[in-house]
Amino acid sequence: MKRKLVSNHYIQACLHGPLLADLDPIPLLERAAVPAELIHQPNARITEVQLANLIKAVWRCTGDEFMGLTARPCKNGVFALMMESLFQLKTLGAMLQQSIRFYNAVQDEIVFSIYHDGDLVDISATLKQPQYDPDHLLQEFILLMWQRLSCWLVNTQVPIHSTRFNYPPPNHVDEYPSMFGDHLLFDQPTAGFTFNSKLLTLPLARDPIEMELFLRQSPLEVLRRVGSDHSLSTQVRRQILKQGLEQPPTLEEIANRLHMTSRTLRRKLKDESASFQQIKDQVRCDMAIRLLTEESLSVAETSQLVGFTEQAAFCRAFKNWTGVSPSLYMSNQATQ
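Rules used throughout
- Residues numbered from 1 in each chain as written.
- Predicted model: local features only at pLDDT ≥ 70, side-chain atom pairs only at ≥ 80, totals over all residues.
- Heavy atoms only, no water.
- Helix = DSSP H or I, 4+ residues; strand = E, 2+ residues; numbered from the N terminus.
- Rg over C-alpha atoms; globule rule 2.2 N^0.38 Å.
- Buried < 20%, exposed > 50% of the residue type's maximum accessible area, 1.4 Å probe, protein only.
- Contact = heavy atoms within 4.5 Å.
- Areas by Shrake-Rupley, 256 points an atom, 1.4 Å probe, with all protein chains shown as cover.
- Lys, Arg positive; Asp, Glu negative; His and termini not counted.
- Charge placed at Lys NZ, Arg CZ, Asp CG, Glu CD.
- Pairing = 2+ DSSP bridges.
- Core = buried A, V, L, I, M, F, W, Y, C linked by side-chain atoms within 4.5 Å.
- Phe/Tyr/Trp six-rings, centres within 6.5 Å; stacked < 30°, edge-to-face > 60°.
- Axes fitted to C-alpha atoms, helices over the stretch in contact; angles between N-to-C directions.
- Salt bridge = Lys/Arg side-chain N within 4 Å of Asp/Glu carboxyl O.
- 1 Å grid on protein atoms, 1.4 Å probe; cavity = no way out; pocket = protein on both sides within 12 Å on 5 of 7 lines; lining within 4 Å.
- Points joined across faces, edges and corners; volume = space filled by probe spheres on them.
- Nonpolar A, V, L, I, M, F, W, Y, C, P; charged D, E, K, R; others polar.
- Expected span 1.5 Å × (residues − 1).
- Parallel < 35°, antiparallel > 145°, perpendicular 65-115°, else oblique.
- Left-handed = near helix turned anticlockwise from the far one by under 90°.

Trainee: How do you make sense of the overall build of the protein chain when you look at a structure like this?
Mentor: Counting secondary structure elements, the protein chain contains 16 helices and 7 strands. Taken over the C-alpha trace, the protein chain has a radius of gyration of 22 Å; the compact-globule value for 336 residues is 20 Å, and the two agree within 12%. For the C-alpha atoms alone, the extent of the protein chain along its principal axes is close to 60 × 50 × 40 Å. Buried positions account for 48% of the 336 residues belonging to the protein chain. Across the protein chain, every contact between residues at least 6 apart in sequence was considered, and the portion connecting residues at least 24 apart equals 64%. Counting only carbon and sulfur atoms, one obtains 51% of the accessible surface of the protein chain, whose full area is about 16800 Å². Both charge centroids of the protein chain, one from 33 positive and one from 36 negative side chains, sit 8 Å from each other.

Spelled out as structure tokens, the structure:
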């Protein structure tokens, strides 16, 4: 991933909530690998990875997915719960309706709405007490989250018609085009964004394992600009998932389905810095973690479902993937 740089402004904005709660900001910066001296350097830049890690550190220390920027917190885990409710749905429109209903039901700090305006769909997010978010970080993050999540779920770049903000252009306005595109409107009555209503029929293209990866990497996945993922690695991954892990397809079988020779498949995967075994191991690892933690299956049951005939071999592989045994991994998750 290209290392993108963002303004020092976001360091200050992320620390606003913790400082209001009298929390020490230095450990948060250390967890994000952000040098503390950058707080006093307004022209400094940090990477989007550092920003993502700082937001994650704030989530953990405040226990609040709203980062301490509302009168009442939104418990950690609410976003993941909302995501889990989406996979019974088929289209982008159904996803947006469901997610907005969900958030309006579980919290009272932000009012979300969606309505049609001619050929456009309008989504807005209104903070009831905006004084708690003086740098507009939460409001901007929510708008960005909905835009990027929409792109990720349909696995394509959803063209945003315009993004609007209910405040004047800030000093760091140069950051906005890379996040929200070029069609920006300031000093508007509400904050939100619009896109063509025809896009509501786009089908959701993700599976629960991909969701697990998205959540594990969040908020980095929200900060990234999402594009269509047509890589060969992704196609191979989907072929493995489609057939199942108890008897996964061979490299030769997948090559045949993709209308190429196994030698060509190996070469093209190498061009993407990947290999068939790496992809298969990653799919097995992701599936094993989900079965052990979300489905609460035993090590023996999980071992069989991810394609191992011997439990001992699975345990060795799992430790190689994650650094710990399956039983210790489950114990750590339970403690967290």
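Trainee: I tried to follow the pairing of strand β5 (residues 160–164) on my own but got confused; where do I start?
Mentor: Two faces belong to every sheet, and in a regular strand the side chains alternate between them. The buried fraction of β5 amounts to 4 of the 5 residues, a majority that puts the element mostly inside the structure. Strand direction decides the pairing type here: β5 and strand β6 (residues 184–185), joined by 2 bridges, are parallel. Bridging across to β6, R164 finds its partner in L185.

Trainee: Just to check I follow, could you spell out the nonpolar core for this structure?
Mentor: Nonpolar side chains in soluble globular proteins tend to end up buried together. Counting residues in hydrophobic clusters, the biggest one holds 73 residues, and the most contacted among them are I11, M83, Y103, W146, L149 and F195. At 13 residues, helix α6 (residues 137–154) tops the list of elements feeding residues into this core. Beyond its immediate stretch of four places on either side in the chain, F195 contacts L92, L96, D119, L120, V121, I123, V158, P159, I160, H161 and L200. Counting 28 residues, the second largest nonpolar core, distinct from the first, contains A255, C285, A288 and A317.

Trainee: Is there a simple way to explain the packing of aromatic side chains in this structure?
Mentor: Considering all chains together, one arrives at 17 aromatic pairs under this definition. Among the aromatic side chains, those forming a connected cluster through ring pairs are F165, Y167, Y176, F180 and F186.

Trainee: Which parts of the structure should I look at to understand the sheet that holds strand β7 (residues 192–196)?
Mentor: Remark on secondary structure: sheet strands pair via backbone hydrogen bonds, oriented parallel or antiparallel. Read from one edge to the other, the open sheet built from 5 strands follows the order β3-β4-β7-β5-β6, with strand pairing classed as mixed. Single-partner strands in this sheet number two, and they are β3 (110–117) and β6. Inspection of the sheet shows strand β4 (residues 120–127) paired to β7 by 5 bridges, in the antiparallel sense. What sits directly across from L120, in β7, is N196. Along the sheet, helix α5 (residues 92–106) contacts β3, β4 and β7; its crossing angle with β3, the most-contacted strand, is approximately 150°.

Trainee: I keep staring at the pattern of salt bridges and nothing clicks. Help me out?
Mentor: On inspection of all chains with the given rule, the structure shows 8 salt bridges. Here R45 and E175 are joined by a salt bridge, their closest N and O atoms 2.4 Å apart. Taken together, the residues R45 in strand β2 (residues 45–47) and E175 in the loop between β5 and α7 (176–180) connect sequence positions 130 residues apart. Its relative accessible area of 40% is what places R45 among the partly exposed residues. Given the relative accessible area of 8%, E175 is considered buried. Notably, a salt bridge pairs R266 with E252, separated by 3.8 Å at the nearest N-O pair.

Trainee: Teacher, can you tell me more about empty space enclosed by the protein here?
Mentor: The gaps of empty space that remain are located by a probe, the size of a water molecule, rolled over the atoms. On inspection of all chains with the given rule, the structure shows 1 cavity of 30 Å³ or more. When its volume is computed, the largest cavity comes out at roughly 160 Å³. What lines the largest cavity is a set of 13 residues, among which E65, F79, Y103, F141 and M145 lie closest to the centre. No other element matches the 5 residues that α6 contributes to the lining of the largest cavity. Residue classes in the lining of the largest cavity are distributed as 11 nonpolar, 1 polar and 1 charged.

Trainee: What is the right way to read helix α13 (residues 276–293) from this model?
Mentor: Because each turn of an α-helix spans 3.6 residues, side chains separated by three or four positions end up pointing in the same direction. Its 18 residues give α13 an end-to-end C-alpha distance of 26 Å, which sits within 8% of 26 Å, the value for a rise of 1.5 Å per residue. Among the 18 residues in α13, 13 count as buried, and that is most of the element.

Trainee: In this structure, what is going on with the packing of helix α10 (residues 232–243) against α13? I would like to understand it.
Mentor: Each pair of packed helices can be summarised by the angle the axes make with each other and by the distance between the axes. Where α10 contacts α13, the axes come no closer than 10 Å and their chain directions differ by 55°. On the basis of their axis angle, the class for α10 and α13 is oblique. The two elements α10 and α13 cross, and the hand of that crossing is right-handed. Between α10, through S233, V236, R237, I240 and L241, and α13, the contact on the second element is made entirely by F276, I279, K280, V283 and D286.

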